[in-house]
Amino acid sequence: MTTLELKEVKTIPDIIQVYPNHVKNFSTPLIIDNGSYNCRAGWGINKDPSLIFKNLIAKPRKERGKKDGDLQVGNDITNIEAVRFQLKSQFDRNVVTHFEAQEHVLDYIFTHLGVDTEGCVNHPVIITEAFLNPNYSRHLMSELLFECYKIPSLCYGVDSLFSFHHNNPEGSSGLVVDLGYHATHVLPVIEGRVDPSRSRRINVGGAHIINYLHRLLQLKYPAHFNSITLSRAEWFACTLYHRRTCSLLQSLVHEQCFLAVDYQAELQHWSDSEHYESHVRRIQLPYTMPVVNSGLTIEQQKERRKELARRLTEINARKNFLTYCRTIISNICQQLAEDEEQLNQLLAAQDLLDEGEEEEFQNVLESYELSNVGDLQKMISSIQARIERTRQKIVAANTADDPIVEESKVKQIKQGLRPKEQEDFESWIEGVKQKRQELLDRRNARRQRRQDMAKRRTAAAQERMRIISQLARKEKRDDNFGMRDEDWDVYKVINKECGDSDSDEEQKLLELEEVLRRNDPEFEGSALGRASSSADTAETYQLHVGIERIRAPEILFQPSMVQIVMN
């Protein structure tokens, strides 16, 4: 399956050509093919036109504090999407109605052909018009050319009839199908003369094919809604249409779309997966890959990863160390609260002696296993000293950089957070790599299963149909499928999407690769992984144009597909 690169065609502004003497002195006729999509202009003695440009004008919006922008015509509009909403045309469908815009186009033609005569154009003009062009439109066009440019003579013609008479002998008959940008004309020619009463006009043309293809692709790929612009749809349409020699546009329609001889039979062909795979066209949208290389050498990248791994180990060790210290301080505070409560009880017992409550005082001494008042005083003094030391420890722990704890315990904690040996670290890295490889294998197996499910004659598809047929047996009495947990495994087997989503395992895969990038200097995401990531990114920005290749041009023969009225 070939992948077509989307070509961002930038127009090149036309140069002002030299006004040759052999054209200037002999009143050579000037030919203007005034099409509603492209305009072609040149001298009658030349085989090819000298100017080809889109028949559009654009006036950029006036910015605050600046003068009005210059009017742009034809190929001067280098970025048509930037001024899409400022574009104007002199045409209403294929009839010229806006003659102010037509004057700007004629100025552009005469200037770039190098005509430098003062106040006039001393050349006969042959210009094309729509078939059965209204007299009012022809009158205003004649007035513009004679009054504004003072041409000596003027001739009108229909481009498709010009082509018929050029390619057929005089007096021959035929049927001319003129596929235009806004309309299609069917013109019977009998013995060299067209029959207007039997001619037909259909308001379907290249613009409708482009807009229809544009909407089809936007609805099919809503994630790329903004990337599928009208200009790119024109490229699609132009690339797809050229196959049947219909010069409707200039560049997907011209090369990839085609007119189906039997539309319904062609749809049946596209329903076959093998036919789809062999005939679908991939269009690659532009995208930007994330920059992975930081400009460092391999040795610098290894040193940087080692430094990041060392810093991460230190940060985790300090975090756990502080957690342990906070636990110790919490225990000290709890012991302090118990000592203060016991001190308050002993001081209350001493107050009982001062108040003369000797019986209750003796009960308190017995509860604390004290013999006399002297022992009570010693116990009070001991608790007060212990409380004071505890408070000093808490103050010192809150003010110092590191809490005051036993040195042996600190060493034990720090040693436990660091890798014990290089062999343990390497085995851990190997374990992470093995987990990553298992995730990659499962992902590839799911993708292969999805592909097998899409084909009829594979073992996976046949097993799925066998299970479905067993579940659909008529002799079953009770349909209790789904009541047991084991039924979920059966569902995952017959599900075309292969059961679970890939999102969870993709997240785990990203986490494992991040760990390897931080801790393994030799891990570079693997060339295969990077290529796979690059390919996956490219595939997410691809448009698969399949049945659209025949569906868009088919509106020429079935306008009801887009609800276009025929006249």
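- Per an unreviewed UniProt entry, the protein chain goes by the name Actin-related protein 5 and belongs to Timema tahoe.
- Of the comments in the UniProt record for the protein chain, the one headed Sequence similarities (unreviewed entry) reads "Belongs to the actin family."

Observations regarding the sheet that holds strand S3 (residues 38-43)
- Here we have five strands laid out as an open sheet, ordered S4-S3-S2-S10-S11, and mixed in their pairing. Both edges of this open sheet fall to strand S4 (51-54) and strand S11 (154-157), since each of them pairs with a single strand only. Taking each pair of neighbouring strands and ignoring which way they run, the sheet shows an average axis angle of 15 degrees.
- Here five bridges tie strand S2 (residues 30-34) to S3, and the two strands are oriented antiparallel to one another. Within S3, the position partnered with leucine 30 by the bridge is tryptophan 43.

Topic: the nonpolar core
- Formed by 31 residues in total, the largest nonpolar core has its most connected members in Ile32, Leu106, Ile109, Phe110 and Tyr149.
- Within the residue set of this core, elements represented by two or more residues are S2, S3, S4, helix H2 (99-112), strand S10 (125-128) and helix H3 (135-149).
- For this core, the element with the most residues is H2, which contributes seven residues.
- Once you skip the residues sitting within four places of it in the chain, leucine 106 turns out to touch Ile32, Leu144, Leu145 and Tyr149.
- Ile202, Val204, Ala552 and Leu556 belong to the second-largest nonpolar core, a separate cluster that totals 18 residues.

Focus: helix H9 (residues 298-354)
- The end-to-end C-alpha distance of H9 is 84 Å, a good match for the 84 Å that 57 residues give at a rise of 1.5 Å each.
- Positive phi shows up at glycine 356, right after H9, with a value of about 90 degrees.

So, the pattern of salt bridges
- Taken as a whole, this structure holds six salt bridges when the rule is applied.
- The partner of glutamate 129 in a salt bridge is arginine 138, with the nearest N and O atoms 2.2 Å apart.
- Between arginine 386 and aspartate 339 there is a salt bridge, with the nearest N and O atoms lying 3.1 Å from each other. Taken together, the positions of arginine 386 in helix H11 (residues 373-399) and aspartate 339 in helix H9 put the pair 47 residues apart, joining distant regions of the chain.
- Given a relative accessible area of 30%, arginine 386 falls into the partly exposed group.
- In this structure aspartate 339 comes out as buried when scored by relative accessible area, which is 2%.

Things to note about the environment of leucine 106
- As for its placement among the helices and strands, leucine 106 is situated in helix H2.
- For the pair leucine 106 and leucine 144, spaced 38 residues apart in sequence, the C-alpha separation works out to 9.8 Å.

A short note on the packing of H2 against H3
- Running from N to C, H2 and H3 point in directions that differ by 45 degrees, and their axes come no closer than 11 Å. The pairing of H2 with H3 is recorded here as oblique in orientation. Both H2 and H3 take part in a crossing whose hand is right-handed. On the side of H2, the interface is formed by Phe99, Gln102, Glu103, Leu106, Asp107 and Phe110, while H3 contributes Ser137, Leu140, Met141, Leu144, Leu145, Cys148 and Tyr149.
- Partitioned by chemical class, the residues of the contact of H2 with H3 number nine nonpolar, two polar and two charged.

Side note on the packing of H9 against helix H10 (residues 358-367)
- Contact pair H9 / H10: the axes reach a minimum separation of 8 Å and the direction vectors enclose 150 degrees. Put simply, H9 runs roughly antiparallel to H10. The handedness of the crossing between H9 and H10 comes out as left-handed. Note on element contacts: H10 touches H9 through Glu360, Phe361 and Val364, opposite Ala349, Leu352 and Leu353.
- Residue classes in the contact of H9 with H10 are distributed as five nonpolar, no polar and one charged.

Conventions adopted
Residues numbered from 1 in each chain as written. Predicted model: local features only at pLDDT ≥ 70, side-chain atom pairs only at ≥ 80, totals over all residues. Heavy atoms only, no water. UniProt positions renumbered as here; feature names shortened; annotations may be inferred. Pairing = 2+ DSSP bridges. Helix = DSSP H or I, 4+ residues; strand = E, 2+ residues; numbered from the N terminus. Axes fitted to C-alpha atoms, helices over the stretch in contact; angles between N-to-C directions. Core = buried A, V, L, I, M, F, W, Y, C linked by side-chain atoms within 4.5 Å. Buried < 20%, exposed > 50% of the residue type's maximum accessible area, 1.4 Å probe, protein only. Contact = heavy atoms within 4.5 Å. Expected span 1.5 Å × (residues − 1). Salt bridge = Lys/Arg side-chain N within 4 Å of Asp/Glu carboxyl O. Parallel < 35°, antiparallel > 145°, perpendicular 65-115°, else oblique. Left-handed = near helix turned anticlockwise from the far one by under 90°. Nonpolar A, V, L, I, M, F, W, Y, C, P; charged D, E, K, R; others polar.

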